Amino acid sequence: MTKELISILCQQGKDSLERTFAAVPDDKVAWQPAEGARSALDAFGDGAQTLGFMAKMLESKGETPPAFGREFFAQLKAERAGWTRQEALTQFELNWSRFKAALEPLTEEQLAAHVTVPMRGGMTAPLAVWIMMAYRSLISRFAQINYIQTLYGDFDSH
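Residues numbered from 1 in each chain as written. Predicted model: local features only at pLDDT ≥ 70, side-chain atom pairs only at ≥ 80, totals over all residues. Heavy atoms only, no water.

Draft legend 1. Structural context of the packing of helix α2 (residues 40-59) against helix α4 (residues 85-103). Packing of α2 against α4 brings their axes to within 8 Å, and their N-to-C directions diverge by 25 degrees. In this view, α2 runs roughly parallel relative to α4, as classed from their interaxial angle. When you trace α2 past α4, the crossing you get is left-handed. Here α2 contributes Leu 41, Phe 44, Gly 47, Ala 48, Gln 49, Leu 51, Gly 52, Met 54, Ala 55, Lys 56, Leu 58 and Glu 59 to the contact with α4, which in turn contributes Arg 85, Ala 88, Leu 89, Gln 91, Phe 92, Asn 95, Trp 96, Arg 98, Phe 99, Ala 102 and Leu 103. Split into classes, the residues belonging to the contact of α2 with α4 amount to 14 nonpolar, five polar and four charged. (Axes fitted to C-alpha atoms, helices over the stretch in contact; angles between N-to-C directions. Helix = DSSP H or I, 4+ residues; strand = E, 2+ residues; numbered from the N terminus. Parallel < 35°, antiparallel > 145°, perpendicular 65-115°, else oblique. Left-handed = near helix turned anticlockwise from the far one by under 90°. Contact = heavy atoms within 4.5 Å. Nonpolar A, V, L, I, M, F, W, Y, C, P; charged D, E, K, R; others polar.)

Draft legend 2. Structural context of the layout of surface pockets. If you add up the space inside the second largest pocket, you get close to 240 Å³. For the lining of the second largest pocket, the secondary-structure elements that each account for two or more residues are α2 and α3 (70-81). The residue makeup of the lining of the second largest pocket, split by class, is six nonpolar, four polar and four charged. (1 Å grid on protein atoms, 1.4 Å probe; cavity = no way out; pocket = protein on both sides within 12 Å on 5 of 7 lines; lining within 4 Å. Points joined across faces, edges and corners; volume = space filled by probe spheres on them.)

Draft legend 3. Structural context of the confidence of the model for the protein. Of all residues in the protein, 94% have pLDDT values of 70 or greater, and the mean over the chain is 91. Mean pLDDT per element in the protein: strand β1 (residues 114-117) is the minimum at 84, and α4 is the maximum at 97. (pLDDT = per-residue confidence, 0-100.)

Draft legend 4. Just helix α6 (residues 127-151), in detail. An ideal rise of 1.5 Å per residue puts 36 Å on 25 residues; α6 measures up with 37 Å between its terminal C-alpha atoms. Gly 153, located one to two residues past α6, shows a positive phi value of around 100 degrees. (Expected span 1.5 Å × (residues − 1).)

Draft legend 5. Spatial organisation of the pattern of salt bridges. Under the definition given, this model contains nine salt bridges. Here Lys 14 ties to Glu 93 by a salt bridge, and the two come within 3.6 Å at their closest N and O atoms. Here Lys 14, found in helix α1 (residues 3-22), pairs with Glu 93, found in helix α4; they are 79 residues apart in sequence, far enough to count as distant. Taking relative accessible area as the criterion, Lys 14 reaches 9% and is therefore assigned buried. Taking the shortest distance from any N to any O, the salt bridge between Glu 59 and Arg 98 comes out at 2.9 Å. Of this pair, Glu 59 sits in helix α2 while Arg 98 sits in helix α4, and the two are 39 residues apart along the sequence. (Salt bridge = Lys/Arg side-chain N within 4 Å of Asp/Glu carboxyl O. Buried < 20%, exposed > 50% of the residue type's maximum accessible area, 1.4 Å probe, protein only.)

Draft legend 6. Fine view of the pairing of β1. In β1, alternate side chains face the same way, and those of Val 115 and Val 117 are buried while those of His 114 and Thr 116 on the opposite face are not. Direction of pairing for β1 relative to strand β2 (residues 123-126): antiparallel, over a ladder of four bridges. Note on β2: the bridge partner recorded for Thr 116 is Thr 124. (Pairing = 2+ DSSP bridges.)

Draft legend 7. Structural detail: the nonpolar core. Counting residues in each nonpolar core, the largest one holds 44 residues, and the members touching the most others are Phe 99 and Ile 131. Look past the residues within four positions of Phe 99 in its chain and what remains in contact with it is Cys 10, Leu 51, Met 54, Ala 55, Leu 58, Ile 131 and Ala 134. (Core = buried A, V, L, I, M, F, W, Y, C linked by side-chain atoms within 4.5 Å.)

Draft legend 8. Local environment of the environment of Ile 139. Within the secondary structure, Ile 139 is located in helix α6. Judged by relative accessible area, Ile 139 falls into the partly exposed class, the value being 28%.

Draft legend 9. Here's a closer look at the side chain of Ser 137. Among the structural elements, Ser 137 can be located in helix α6. A relative accessible area of 4% means that Ser 137 is categorised as buried. Among the polar contacts made by the side chain of Ser 137, one reaches the side chain of Thr 50 at a distance of 3.1 Å. Setting aside its immediate chain neighbours within four residues, Ser 137 contacts Asp 46, Gly 47 and Thr 50. (Polar contact = N/O pair within 3.5 Å; in protein donor to acceptor, adjacent residues only side chain to side chain.)

Laid out in structure tokens, this is it:
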């Protein structure tokens, strides 16, 4: 997977997530379809945080992978729980800028280097594969917000 392809896909994921989140009215941004369900704000905040820890991984060129685990994800959830729409947007832009800046200087050889992430006992894959987790997160959160929108009656394509 080339850096150009990664960059294009991640940009498309970013644009899609931002577009659909912008379409959520203020009175629905924290709305949950059921007790304990995810809100659009939580989904967007999760995307922002994913960009942040992927930026950290890229900044270290894969030498410092995120410490995935229940505690890590609980910490992230607690952090974003108090965010407003504006705080989530700000964090998203900051982490996107970090992510893009960290991706830019990487060579194709660095993208092909295998990195082990402490996930499910240790999973090894090229750094490019781990970077695509950012894309996966952006597109997944886009889809989650689109679904939430239909639950409160917004059937438009965003």
